[in-house]
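# Working through the structure, step by step
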Amino acid sequence: MDFQTFRQVAAEEAAALQIEEYELYYQLEESASADAFRHEIKEVSAASEGGVCLRCLVNGRMGYASTQRLSEESARSLVRRAAGNAAVLETSDPEFLVKTGQSYQPVSTNNAALPDAAALRRTALSGQDALYAQPGVVDGSTTSVFAERVCIAIHNSHGLDLQYENTITSVSMEAVVSDGAEDGEKATEFRICAGALDQLDLPATAREIASDARDALGAGVAPTGNMPVIFSPKAMSLLLNGFAEVFSAENAQKGLSLLKGKEGTVIAAPSVTLVDDPFYETSAMPMPFDAEGTPTRRKNVIENGVLNTLLYNLSTAAAAGKATTGNASKSRYDSKINIQPFTMYLASGGLTQEQLLQKAQNGVLITSLGGLHAGANAISGDFSLQSAGFLIENGQKTSPVRSFTVAGNFFDLLKGITAIANDPQPPVFPASSTAFISPSVLVEGLSIAGK
């Protein structure tokens, strides 16, 4: 049974039970992947996961139920179970269903079928050939090809009827390079690129990451002290990802973000504008509606240093007396609604990275961050992260350094940004509905613990 037939049966059952307000959320994710190692295919896999979640309002309480089966029996059972769950709730936070008649921005998506196993294998092996063609690349260098088809549909009793389908493909490449000595030093670098498999320039990506890995050979240890720090585009994007939840209105209302009550106030340097854009030009998953069916829109979360808005769904917006920003999210079809950005990016400045180096004069350029899950506290904003990069000496990028720690506070870091470059790179996690992008940024006075 397809979803359209399933929803008709569920509507009949809801009418029989005199349930006037309900929503059906359908999501199906089909994926396929291939991994290559040492010029050979290591693994090829395929998976499919999805189902339907129903939420219905009974006596002012919202009940949930979900199923993976699309059949007449499961449709009727789904409605009865959701109604029963609503009846036994002791408390319920207000929840809302989207009204029909709103305007949605058209988006361009890829509705192609998933690549077949032969195409996945061919691309993975081409990536291996491209990596091993680079000087210094040794065993351990891997290529992974991933394809996912996402289907989402939302139907509710107010007449809302939305559908979204998109196929995304990406290649992950990791280069391991050696200095050539027996038992010598090795360095690694990786990149994920999204797009049609036959249009990705894998040799160019291999050259780039192998060169970056070679540059990191012979790394020493950074000095200890407070000094200017430049975060590369990748490093700053990872930092944004690690602290994105501080912009959630739900976290603020629960006291889990220090940005509670800060809308309309200065929280960053005047050069900082942080944008969330569901329609970002290189987004792999441009989204015209969120997980509640609200039209999405571009918004400046921070504008010229001022916190313009937190990110809201319907319930958090109602609690704050505001309009939703269209950032409701579900990680799975049966998940409760939470809040996520779409493509969150730091707006570029007018300088090159070389000009940032000149402004820093002496300090550290950080190109890699690790331990974000353990070393970043989104509630307090504090972080202490393992890092690698290069020394900045007399305005020039010089010797590679690694195994040092950068420590500070995210909210202080936003205020301490003194310059922003114009060199944004492809997003972190590009083949996803949530991505993070940043140019290089110069921050004054961060703590570096090295030698």
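The following refers to the structure shown. All values derive from a computational prediction rather than experimental measurement. (Residues numbered from 1 in each chain as written. Predicted model: local features only at pLDDT ≥ 70, side-chain atom pairs only at ≥ 80, totals over all residues. Heavy atoms only, no water.)

## Describing the nonpolar core
Core analysis: the largest hydrophobic core is formed by 55 residues, its most contacted members being Phe231, Leu239, Phe247, Ile302, Ile366, Val406 and Leu413. In terms of residue count, the dominant contributor to this core is helix α5 (residues 233-243) (six residues). Not counting residues within four places of it along the chain, the set of residues in contact with leucine 239 comprises Phe231, Leu369, Leu372, Leu385, Phe410 and Leu413. Of all hydrophobic cores here, the second largest spans 23 residues; its members include Leu131, Val177, Leu202 and Ala210. (Core = buried A, V, L, I, M, F, W, Y, C linked by side-chain atoms within 4.5 Å. Buried < 20%, exposed > 50% of the residue type's maximum accessible area, 1.4 Å probe, protein only. Helix = DSSP H or I, 4+ residues; strand = E, 2+ residues; numbered from the N terminus. Contact = heavy atoms within 4.5 Å.)

## Examining the packing of helix α3 (residues 117-132) against helix α4 (residues 202-215)
Axis separation between α3 and α4 bottoms out at 8 Å; the angle between their running directions is 45°. The angle between the axes of α3 and α4 places the two elements in the oblique class. In this structure, the crossing between α3 and α4 has a hand that is right-handed. Of the residues in α4, those in contact with Thr123, Ser126, Gly127, Ala130 and Leu131 of α3 are Leu202, Pro203, Ala206 and Ile209. Split into classes, the residues belonging to the contact of α3 with α4 amount to six nonpolar, three polar and no charged. (Axes fitted to C-alpha atoms, helices over the stretch in contact; angles between N-to-C directions. Parallel < 35°, antiparallel > 145°, perpendicular 65-115°, else oblique. Left-handed = near helix turned anticlockwise from the far one by under 90°. Nonpolar A, V, L, I, M, F, W, Y, C, P; charged D, E, K, R; others polar.)

## Focus: the sheet that holds strand β1 (residues 21-37)
Overall, antiparallel pairing links the six strands, which are arranged β3-β2-β1-β4-β5-β6 in an open sheet. What marks the edges here is a single partner per strand, and that holds for β3 (61-67) and β6 (186-194). Averaged over all pairs of adjacent strands, the angle between their axes in this sheet comes to 15°, without regard to strand direction. The sheet contact formed by β1 and strand β4 (residues 142-156) spans 15 bridges and is antiparallel. Across the sheet, glutamate 29 pairs through a bridge with valine 150, a residue of β4. (Pairing = 2+ DSSP bridges.)

## Looking at unusual backbone geometry
Backbone phi values are negative for most residues with the exception of glycine, while trans is the configuration of most peptide bonds. The backbone of histidine 39 shows a phi angle near 65°, a positive value even though the residue is not glycine. Along the polypeptide, histidine 39 turns up in the loop between β1 and β2 (40-58). Of note in the backbone geometry, glutamine 361 takes a positive phi value of approximately 65° without being a glycine. Within the element layout of this structure, glutamine 361 appears in the loop between α8 (353-360) and β14 (363-370).

## Description of the sheet that holds strand β18 (residues 435-437)
The pairing of strands in a sheet comes from backbone hydrogen bonds and takes either a parallel or an antiparallel form. Pairing is mixed across the open sheet formed by five strands, whose spatial order is β10-β9-β8-β13-β18. The sheet terminates laterally at β10 (306-307) and β18, the two strands that pair on one side only. Relative to strand β13 (residues 343-346), strand β8 (residues 274-276) runs antiparallel, the two sharing three bridges. What sits directly across from leucine 274, in β13, is leucine 346. Each of β8, β13 and β18 touches α5; the most contacted strand, β18, lies at about 135° to it.

## Some words on the packing of aromatic side chains
One pass over the full model with this rule turns up eight aromatic pairs. Relative to phenylalanine 410, the ring of phenylalanine 247 lies with its centre 6.5 Å away and its plane at 80°, an arrangement referred to as edge-to-face. With phenylalanine 247 in the loop between α5 and α6 (249-253) and phenylalanine 410 in helix α10 (residues 410-416), this pair connects stretches of sequence that are 163 residues apart. With a relative accessible area of 1%, phenylalanine 247 lands in the buried category. Residue classification places phenylalanine 410 among the buried residues on the basis of a relative accessible area of 0%. Seen from their ring centres, phenylalanine 410 and phenylalanine 411 are 6.0 Å apart, and the 70° between their planes marks the pair as edge-to-face. Taken together, the ring pairs in this structure connect Phe243, Phe247, Phe383, Phe410 and Phe411 into an aromatic cluster. We note lysine 330 situated over the ring of tyrosine 25; from NZ or CZ to the ring centre the distance is 4.9 Å. (Phe/Tyr/Trp six-rings, centres within 6.5 Å; stacked < 30°, edge-to-face > 60°. Lys NZ or Arg CZ within 6 Å of the ring centre and 35° of its normal.)

## Quick notes on the side chain of glutamate 189
Checked against the element boundaries, glutamate 189 lands in strand β6. Overall, the relative accessible area of 14% leaves glutamate 189 in the buried class. At 3.4 Å, the side chain of glutamate 189 forms a polar contact with the side chain of arginine 191. With sequence-adjacent residues up to four places away left out, glutamate 189 is seen in contact with Met173, Glu174, Ala175, Ile209, Asp212, Ala213 and Lys234. (Polar contact = N/O pair within 3.5 Å; in protein donor to acceptor, adjacent residues only side chain to side chain.)

## What to know about the pattern of salt bridges
Taken as a whole and judged by the stated rule, the model has 17 salt bridges. For glutamate 189, the salt bridge goes to lysine 234, with nearest N and O atoms at 2.6 Å. With a gap of 45 residues between them, glutamate 189 in strand β6 and lysine 234 in helix α5 connect regions that are remote in the sequence. When sorted by exposure, glutamate 189 lands in the same class as lysine 234, which is buried. Among the charged side chains, a salt-bridge network with shared partners connects Glu12, Glu13, Glu72, Arg76 and Arg80. (Salt bridge = Lys/Arg side-chain N within 4 Å of Asp/Glu carboxyl O.)

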